Amino acid sequence: MDLEAVRTFVAVAEAGRFQEAAADLSITQQAVSKRIATLERGLGVRLFTRGPRGAELSIDGRAFLPHARELLRVAERAVASVHPGSRPLRVDVIASRSAQSGLMRGFHRVHPEIDLDVMMLFDIETAVTAIRSGAIDASFRAVAAPGRPLPEDIESIRVLDEPLQLLTGSSHALAGARSVTVAQLARHRIWMPGIVPGTEWAAYYDDLVAEFGLTIEATGPNFGSDALLDTIADTPALATFMGEHTRLIWPADHGLRRIPVTDPTPVYPHSLLWRRDNPHPALATLRAHLAATTAGHDAAGTWTPGWVLTR
């Protein structure tokens, strides 16, 4: 059904004359007559009768009028549902305890008036596809892994370089250290079952291993952070990497240690990705907030892989 014809019908019903409805709609009286005639043919009924006081609703016209008004209200709500700023800003983070999640919590504290939908997608390819389709507005990722440049319609900017820390149990040989150098780690086993081949974080750790000769094991199923913490606490020979801003909770008797890594400090480069033509006004607010609250990219004494790009 032609909504413009329905809108014209309602305008005539309210004005009582075709000429006044035409003026209200800024179209010609002839156009009003054609729209009404088309609507009547589609419905198979007469909607108006000509009377001494102008256009009067027929019995069928009076029956159709409330439904016509509801059709226009539904159309307005449909348009409003996708109008920039009328829906929540949809942002992808890797995990609920991650640094990216912390960045979004900080944004929400500063801008509680902005509605947010925070979701968790798996890898950068899935995230980019969702950004390009409009399913999400932005995603936090490490970009761009070798051989996988971002599409031309995707923009990115570095927002946080997160230092890596070593996580050990209380019986690990390095448990008592206040900090450890990357060179010291070359003699120890680092277990990270969450590394999935083909992901951007797998590319990051591959470069870290190649650069510093580390031993990172990704064997065994990934049962989540709780199982990882249990294993690290119970296995003196194993340690793992955690981001400095990753939120972890473990039982007191685990005795886990988080130890800064230095000389240099490996940092994980978090970037925000979005589609260049995304008009959501809250996206610009998020970008401005991140620019004002994060800094220090490629600081002296830190290491990031050579493929990391900043646009």
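It should be noted that the structure appears before, not after, this text.
Let us look at the structure shown here.

What counts as what
- Residues numbered from 1 in each chain as written.
- Predicted model: local features only at pLDDT ≥ 70, side-chain atom pairs only at ≥ 80, totals over all residues.
- Heavy atoms only, no water.
- Patch = residues over 30% accessible without salt bridge, like charges linked within 9 Å, V, L, I, M, F, W, Y side chains within 5 Å.
- Areas by Shrake-Rupley, 256 points an atom, 1.4 Å probe, with all protein chains shown as cover.
- Salt bridge = Lys/Arg side-chain N within 4 Å of Asp/Glu carboxyl O.
- Buried < 20%, exposed > 50% of the residue type's maximum accessible area, 1.4 Å probe, protein only.
- Core = buried A, V, L, I, M, F, W, Y, C linked by side-chain atoms within 4.5 Å.
- Helix = DSSP H or I, 4+ residues; strand = E, 2+ residues; numbered from the N terminus.
- Contact = heavy atoms within 4.5 Å.
- Phe/Tyr/Trp six-rings, centres within 6.5 Å; stacked < 30°, edge-to-face > 60°.
- 1 Å grid on protein atoms, 1.4 Å probe; cavity = no way out; pocket = protein on both sides within 12 Å on 5 of 7 lines; lining within 4 Å.
- Points joined across faces, edges and corners; volume = space filled by probe spheres on them.
- Nonpolar A, V, L, I, M, F, W, Y, C, P; charged D, E, K, R; others polar.

Re a nonpolar patch on the surface
- Where nonpolar side chains cluster on the molecular surface, the patch consists of Met1, Leu3, Leu43 and Leu71 and spans about 340 Å² of accessible area.
- With a relative accessible area of 34%, Leu71 lands in the partly exposed category.

Regarding the nonpolar core
- If you look at the biggest cluster of nonpolar residues, it comprises 25 residues, and the most contacted ones within it are Leu166, Leu185, Tyr205 and Phe241.
- A per-element tally of this core places helix H8 (residues 200-212) first, with six residues.
- With residues near it in sequence (within four places) discarded, Leu185 still touches Leu166, Leu174, Val180, Ile190, Leu214, Phe241 and Val261.
- Formed by 19 residues, the second largest nonpolar core is a distinct cluster that contains Ala5, Phe9, Leu47 and Leu72.

What about the packing of aromatic side chains?
- Evaluated as defined, the whole model comprises nine aromatic pairs.
- Aromatic side chains Phe122 and Trp201 sit 5.5 Å apart centroid to centroid with 85° between the ring planes, which places their arrangement in the edge-to-face category. You can see Phe122 sitting in the loop between strand E4 (116-119) and helix H6 (124-133) and its partner Trp201 sitting in helix H8, a full 79 residues away along the chain.
- Exposure remark for Phe122: the relative accessible area of 45% places this residue in the partly exposed category.
- A residue is classified by how much of its surface remains accessible, and Trp201, at 13% relative accessible area, is buried.
- Here Tyr204 and Tyr268 contribute two aromatic rings whose centre-to-centre distance is 4.8 Å and whose plane-to-plane angle is 65°, an arrangement assigned as edge-to-face. Residue Tyr204 is located in helix H8, and its partner Tyr268 is located in strand E12 (residues 265-275); the two are separated by 64 residues in the primary sequence.
- On the accessibility criterion, Tyr204 (0% relative accessible area) is buried.

A short note on the layout of surface pockets
- Of the pockets and cavities examined, the largest pocket occupies roughly 870 Å³.
- Put simply, the parts of the chain that give the lining of the largest pocket at least two residues each are helix H5 (99-110), strand E6 (154-168), H8, helix H9 (225-234), strand E10 (238-243) and E12.
- Examining the composition of the lining of the largest pocket, we find that four residues originate from one element, E10, more than from any other.
- A breakdown of the residues in the lining of the largest pocket according to their chemical character gives 16 nonpolar, 11 polar and two charged.

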